[in-house]
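Report on the structure
This is what each chain is made of:
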Amino acid sequence: MATEDVDLRFADLDAWPLTSAMEAMWEGQLAAVAAIGHALPSITAATEAAQAALGDHGRLVYVGAGTSGRVAVQDGAELTPTFAWPKERVRFIVAGGYSAFVTSIEGAEDDIDDAVAQINAARLTPHDVVIAVAASGTTPFTVAALQQAGSCGAVTVGVANNPGTVLLASAKFPILIETGRELIAGSTRMKAGTAQKVVLNLISSGIMLRLGRVYRGMMVNMQPTNAKLKRRAEAMVAQIADCDPSHAARALEQAEGDVKTAVLLALGVTRTEAETILKDGDGNLRRVFAELARDRDSHSDSHPKAPAARKQGGAVES
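Analysis parameters
Residues numbered from 1 in each chain as written. Predicted model: local features only at pLDDT ≥ 70, side-chain atom pairs only at ≥ 80, totals over all residues. Heavy atoms only, no water. Pairing = 2+ DSSP bridges. Helix = DSSP H or I, 4+ residues; strand = E, 2+ residues; numbered from the N terminus. Axes fitted to C-alpha atoms, helices over the stretch in contact; angles between N-to-C directions. Contact = heavy atoms within 4.5 Å. Patch = residues over 30% accessible without salt bridge, like charges linked within 9 Å, V, L, I, M, F, W, Y side chains within 5 Å. Areas by Shrake-Rupley, 256 points an atom, 1.4 Å probe, with all protein chains shown as cover. Salt bridge = Lys/Arg side-chain N within 4 Å of Asp/Glu carboxyl O. Lys, Arg positive; Asp, Glu negative; His and termini not counted. Charge placed at Lys NZ, Arg CZ, Asp CG, Glu CD. Buried < 20%, exposed > 50% of the residue type's maximum accessible area, 1.4 Å probe, protein only. Core = buried A, V, L, I, M, F, W, Y, C linked by side-chain atoms within 4.5 Å. Parallel < 35°, antiparallel > 145°, perpendicular 65-115°, else oblique. Left-handed = near helix turned anticlockwise from the far one by under 90°.

**Description of the sheet that holds strand 4 (residues 155-160)**
Sheet strands pair by backbone hydrogen bonding; their relative direction is either parallel or antiparallel. The sheet built from 5 strands is open, its strands ordered 2-1-3-4-5 with parallel pairing. Strands with a single pairing partner mark the edges of an open sheet, and in this sheet they are strand 2 (90-94) and strand 5 (173-176). Neighbour-to-neighbour, the strand axes of this sheet turn through a mean angle of 15°, independent of strand direction. Here strand 4 runs beside strand 5; their pairing, made up of 4 bridges, is parallel. Bridge assignment links A160 to a residue of strand 5, and that residue is L176. Against the sheet, helix 6 (residues 140-151) makes contact with strand 1 (60-64), strand 2, strand 3 (129-134) and strand 4, and its axis sits at roughly 160° relative to strand 3, the strand it touches most.

Structure representation (structure tokens):
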């Protein structure tokens, strides 16, 4: 496996001047990111399948061991604060259990029985999406977990850094990122880990885009749980509704921190109407605004939810 092989160009890396070594390692990181380009079609296909399967109740399940497991946990852990993805809809299947998030558990990656047990405990359905990550593509725990998830009917995505591996063969949606030899042989926390992090970012962010949790480049499902996020939420409301900051702040307070609801309140919609509109539009602001615009054009004199005369009404255009 390339990720385990020694790269003779860097056999004396430890003897190089530190400036040269740093430059070489930096260039390795750039090469790792560049390697993802070839896999964009497969990444896109996996993302589309995941979004279609999740529905209203499906879960994102991350599987991994060692470095790959911790990279996967990092991606999944960010979904709730960034996109308000429900905590109960993300799960981690990691070799060695939760203690392995911060500590290396020797031998855990070979425990096939634990992998199967953790998958069975998750009670997967066809609405669940299982993303398994392993640089080698052969890690017994990760492979066994993915195969068991497939037998449960879940959508399975495999991410590996070596071609022709069992993890990729076991996944319904295989994603190969050929990062090649590491500058420090076998240290897949470097090039392979960087590429894995980017791929997972793309998949999870792409899912949230398609689920309407992003609007005009803003994370409109974000919950303002601290002062910084409250300021960010107010700025989003002001920008989308085209209103002054104080008006946005009042709307956000009335909406109890919900950005999407606050936008509609700022546009003159009542709280009850806003909740109905968002429910009908599956919480997708772009879809909501398109519908409001159509209603305004058809019933400009009778539709109470599309205040065309207001200055903020310009924001209703999708």
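**Re a negative patch on the surface**
Taken together, the side chains of E106, E109, D110, D111 and D113 define an acidic patch exposed on the protein surface. For D113, a relative accessible area of 64% puts it in the exposed group.

**A closer look at the nonpolar core**
Judged by nonpolar contacts, the single largest core of 37 residues is most densely connected at L60, Y62, V129, I131, V157, I175 and I177. When residues no more than four places from it in sequence are discounted, the contact partners of I175 are A39, S42, I43, A46, V157, G158, V159, A160, L168, V199 and I203. Formed by 31 residues, the second largest nonpolar core is a distinct cluster that contains V220, A274, L285 and F289.

**Focus on the packing of helix 3 (residues 66-77) against helix 8 (residues 191-210)**
Across the interface, helix 3 lies against helix 8 with an axial gap of 10 Å and an inter-helix angle of 30°. Taken as axis vectors, helix 3 and helix 8 run roughly parallel relative to one another. Pair helix 3 / helix 8 crosses with right-handed handedness. Facing S68, V71, A72, Q74 and D75 of helix 3, the residues of helix 8 in contact are G193, Q196, K197, L200, N201 and S204.

**Points about unusual backbone geometry**
Even without a glycine there, the phi angle at A84 is positive, about 55°. Positive phi outside glycine occurs at D282, with the angle close to 55°. Here D282 shows up in the loop between helix 12 (271-280) and helix 13 (285-298). You can call D282 exposed: its relative accessible area is 58%.

**Re the packing of helix 11 (residues 259-266) against helix 13**
At a minimum axis separation of 11 Å, helix 11 and helix 13 run at an interaxial angle of 25°. Between helix 11 and helix 13, the interaxial angle falls into the category roughly parallel. Taken as a pair, helix 11 and helix 13 cross one another with a handedness that is right-handed. Together, K260, V263 and L264 of helix 11 and L285, V288, F289 and L292 of helix 13 make up the contact between the two elements.

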